[in-house]
Amino acid sequence: MAASTTASDLIRLDQPQQKDLDRCVHCGLCLNACPTYRELGVEMDSPRGRIYQMVQVAAGRLPVSDTYQEHIDLCLACRACETACPSGVQYGKLVEAARAHIEMVKPRPWIDRAVRGFVYGRLLPSPSLMTLAGNLTALYQATGLQRLVRATRILKPFGRLEQLERLMPPAERPFFFDQTGRTFPAHGERRARVGFVAGCLANVSFARLNEATVRVLQRNGCEVVVPAGQGCCGALHVHAGLRELARDLARRNLDAFATGGYDAIVTNAAGCGSTLKEYAELLEHDPASAERAAAFAARVRDVTEFLAALGLNREMGQLPITVTYQDSCHLAHGQRVRIQPRQLLEAVPGLKFKELPLADLCCGSAGVYNVQQTEMSMALLEKKMQMAATTGADTIVTANPGCMLQLRAGAAMFGRNQRVLHVVEVLDEAYRKA
Ligand code: SF4
Ligand code: SF4
């Protein structure tokens, strides 16, 4: 934010805006699309009910109370209600602003502040701390301690802790941080030059996915640059209401990607892509960055969206698997990218595609929602895995690392141990068989 912006400006600008709230005509057509309303049947945990509470808070008729915070926190920010809404309510923007407002006016207990300050302020933005955390996780896994914990179910008496352990991201050494600053040449004639957003946690927990993404882009004639100086995109911060921290991270990425002359800025994480495409809004009140943020955002593409538009290289080998596809909320509802991942999968020779019932209903991952609202998250995941079982698919495919973690835990806990892959991992396997 510009240096002249005061704390009261921030409270005014970062809370739900009246013109956005006024779009809701309270018709209720979004209710059945909302995972928390479907689960609980409680109006205050529906999109319409949450907007009603935001209106009351904005008018000063309702305090920013614990109850208000609970209803806003229980929202997945999945934006399914945006897709369902005939009035064009931008619910994602509203709930992010409501969380930012709560963050600014309602102090949290000191322990929450300390944990959030460390995770959002120190860990996620720091490659060296992420590497340290990744090495400790790798040790936990490599020594067999994780296998022992899971086999003995030693955490069962602690209920939620056992579920959280299942959701723990893996550490994949060597970490993708080693590739930062590198340029990977196109295979064959160069069709595009792209800047690749490697993420934060993905460098540690999805290093092989990032490598597969680079290979698939190369196979499709792309020169792939992984710019030095890039970092966490700020998506988790925006969802948590920490917009000023998100702005700092966004500015860092604007600098890192400023001079590459990229045809596109590509990400393989739907949650990150949604926020990267909204950098213009995030920095609209910062005169020093607004223009650059708009130019950056206009270039951002999800990798599936980018490959489908470029025209996929079809020199692939046979891949005789049966797959179903789970839409990532921030791809389907946030970016309106639905057809492209399916088109890419259906282009793979030998692959059988089975549509998943309610494929665009959230799996319960939603950033760090599964860690914070574990009970609701697990209820949604169990239903998702029941749906996946009806397809008979041996592989569940999605387009977001967070959803992959959640679905992998679901396949082990409630499913049939199906494989869970990203769309580009399926393509990568098919190219390797060519
Ligand atoms: S958010 Fe849209 S669909 Fe839902 S009640 Fe408001 S106007 Fe109707
Ligand atoms: S974002 Fe998702 S969970 Fe939140 S109100 Fe909308 S549909 Fe419901």
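The rules behind the values
Residues numbered from 1 in each chain as written. Chains lettered and ligands numbered in written order. Predicted model: local features only at pLDDT ≥ 70, side-chain atom pairs only at ≥ 80, totals over all residues. Heavy atoms only, no water. Salt bridge = Lys/Arg side-chain N within 4 Å of Asp/Glu carboxyl O. Buried < 20%, exposed > 50% of the residue type's maximum accessible area, 1.4 Å probe, protein only. Helix = DSSP H or I, 4+ residues; strand = E, 2+ residues; numbered from the N terminus. Near = heavy atom within 4 Å. 1 Å grid on protein atoms, 1.4 Å probe; cavity = no way out; pocket = protein on both sides within 12 Å on 5 of 7 lines; lining within 4 Å. Sits in = over half its atoms within 2 Å of the grid points. Nonpolar A, V, L, I, M, F, W, Y, C, P; charged D, E, K, R; others polar. Pairing = 2+ DSSP bridges. Contact = heavy atoms within 4.5 Å. Axes fitted to C-alpha atoms, helices over the stretch in contact; angles between N-to-C directions. Left-handed = near helix turned anticlockwise from the far one by under 90°. Right-handed = clockwise from strand over helix to strand, strands pointing away. Points joined across faces, edges and corners; volume = space filled by probe spheres on them. Parallel < 35°, antiparallel > 145°, perpendicular 65-115°, else oblique.

Student: Help me understand the pattern of salt bridges, please; the structure alone is not making it clear to me.
Tutor: Where side chains of opposite charge bring their charged atoms close, a pairing between them can arise. Within the structure shown, the criterion is met by 30 salt bridges. One salt bridge connects Glu43 with Arg48, and the closest N-O pair in it is separated by 2.9 Å. By relative accessible area, which is 28% here, Glu43 ends up partly exposed. A salt bridge links Glu355 to Arg342, with the nearest nitrogen and oxygen atoms 2.9 Å apart. Taken together, the residues span a long stretch of sequence, with Glu355 in the loop between strand E7 (352-354) and helix H22 (369-372) and Arg342 in helix H21 (residues 339-346) at a distance of 13 residues. On the accessibility criterion, Glu355 (44% relative accessible area) is partly exposed. The exposure class assigned to Arg342 is buried, which follows from its relative accessible area of 15%. The network of salt bridges with common partners includes Asp14, Glu96, Arg243, Glu244 and Arg247.

Student: Got a minute to help me understand the site of ligand 2 in this structure?
Tutor: Taken together, the neighbourhood of ligand 2 is formed by Cys34, Pro35, Pro47, Arg50, Cys75, Leu76, Ala77, Cys78, Arg79, Ala80, Cys81 and Tyr91. Among the detected pockets, ligand 2 sits in the second largest cavity. For the shell around ligand 2, the secondary structure elements donating two or more residues are helix H4 (47-58) and helix H6 (80-84). The residue makeup of the shell around ligand 2, split by class, is ten nonpolar, no polar and two charged.

Student: What exactly am I supposed to notice about the sheet that holds strand E5 (residues 300-302) here?
Tutor: Strand pairs in the sheet, formed through backbone hydrogen bonds, run parallel or antiparallel to each other. Strand order in this open sheet of five strands is E1-E3-E2-E4-E5, and the pairing throughout is mixed. Both outer strands of the open sheet, strand E1 (183-184) and E5, are each paired with one neighbouring strand and no more. As judged from the three bridges shared by strand E4 (residues 264-267) and E5, these two strands associate in the parallel manner. Across the sheet, Val266 pairs through a bridge with Arg301, a residue of E5. Against the sheet, helix H19 (residues 303-310) contacts strand E2 (192-196), strand E3 (222-225), E4 and E5, and its axis sits at roughly 90 degrees relative to E5.

Student: Which parts of the structure should I look at to understand the pairing of E2?
Tutor: Within a regular strand, the side chains alternate between the two sheet faces. Extensive coverage of E2 is indicated by the burial of four of its five residues. Here four bridges tie E2 to E3, and the two strands are oriented parallel to one another. Counterpart to Gly195 in the pairing with E3 is Val225. Of the pairings in the sheet, the one linking E2 to E4 comprises three bridges and is parallel in character. Its bridge partner being in E4, Gly195 is matched across the sheet by Ile265.

Student: Honestly, the packing of helix H5 (residues 66-73) against helix H7 (residues 91-105) in this entry has me stumped. Any pointers?
Tutor: As a packed pair, H5 and H7 sit with axes 10 Å apart at the nearest point and diverge in direction by 145 degrees. Here H5 runs over H7; the crossing is left-handed. The residues of H7 that touch H5, namely those facing Tyr68, Gln69, Ile72 and Asp73, are Val95, Ala98, Arg99 and Ile102. Of the residues that constitute the contact of H5 with H7, the class distribution is five nonpolar, one polar and two charged.

Student: How do you make sense of the pairing of strand E9 (residues 419-422) when you look at a structure like this?
Tutor: Two elements, strand E8 (residues 395-398) and E9, share four bridges in a ladder whose sense is parallel. Residue pairing in the sheet places Thr395 in a bridge with Arg419 of E9. At this point the chain moves from E8, through helix H24 (residues 401-413), to the parallel E9, and the crossover so formed is right-handed.

Student: Would you explain the sheet that holds E8 in this entry?
Tutor: The strand order E7-E6-E8-E9 describes an open sheet built from four strands, whose pairing is parallel. Single-partner strands in this sheet number two, and they are E7 and E9. Neighbouring strand axes in the sheet, compared pairwise and without regard to direction, differ in orientation by 35 degrees on average. Examined bridge by bridge, strand E6 (residues 322-325) and E8 share three bridges and lie parallel to one another.

Student: Sorry if this is basic, but what is going on with the layout of surface pockets here?
Tutor: Over the atoms, a rolled probe matching the size of one water molecule traces out where space is still vacant. Approximately 460 Å³ is the volume found for the second largest pocket. Contributing to the lining of the second largest pocket are 24 residues, with Lys93, Glu96, Arg243, Glu281 and Glu284 lying nearest its centre. Looking at the lining of the second largest pocket, the elements that each hand over two or more residues are helix H2 (18-21), H7, helix H15 (243-256) and helix H17 (279-282). By residue class, the composition of the lining of the second largest pocket is six nonpolar, six polar and twelve charged.

Student: Explain the site of ligand 1 to me, please; I cannot follow it from the model alone.
Tutor: Ligand 1 sits among 13 residues. The nearest are Cys24, Cys27, Gly28, Cys30 and Cys85. Spatially, ligand 1 is embedded in the largest cavity. Of the residues in the shell around ligand 1, the class split is nine nonpolar, three polar and one charged.

Student: Any chance you could explain the packing of helix H13 (residues 207-219) against helix H25 (residues 423-432) here in plain terms?
Tutor: For any two helices packed against each other, one specifies the inter-axial angle together with the distance between the axes. With their axes 9 Å apart at the nearest point, H13 and H25 run at an angle of 60 degrees to one another. Taken together, H13 and H25 sit at an angle that is classed as oblique. Here H13 runs over H25; the crossing is left-handed. Of the residues in H25, those touching H13 at Leu209, Ala212, Thr213, Arg215, Val216 and Arg219 are Val424, Glu425, Leu427, Asp428, Tyr431 and Arg432.

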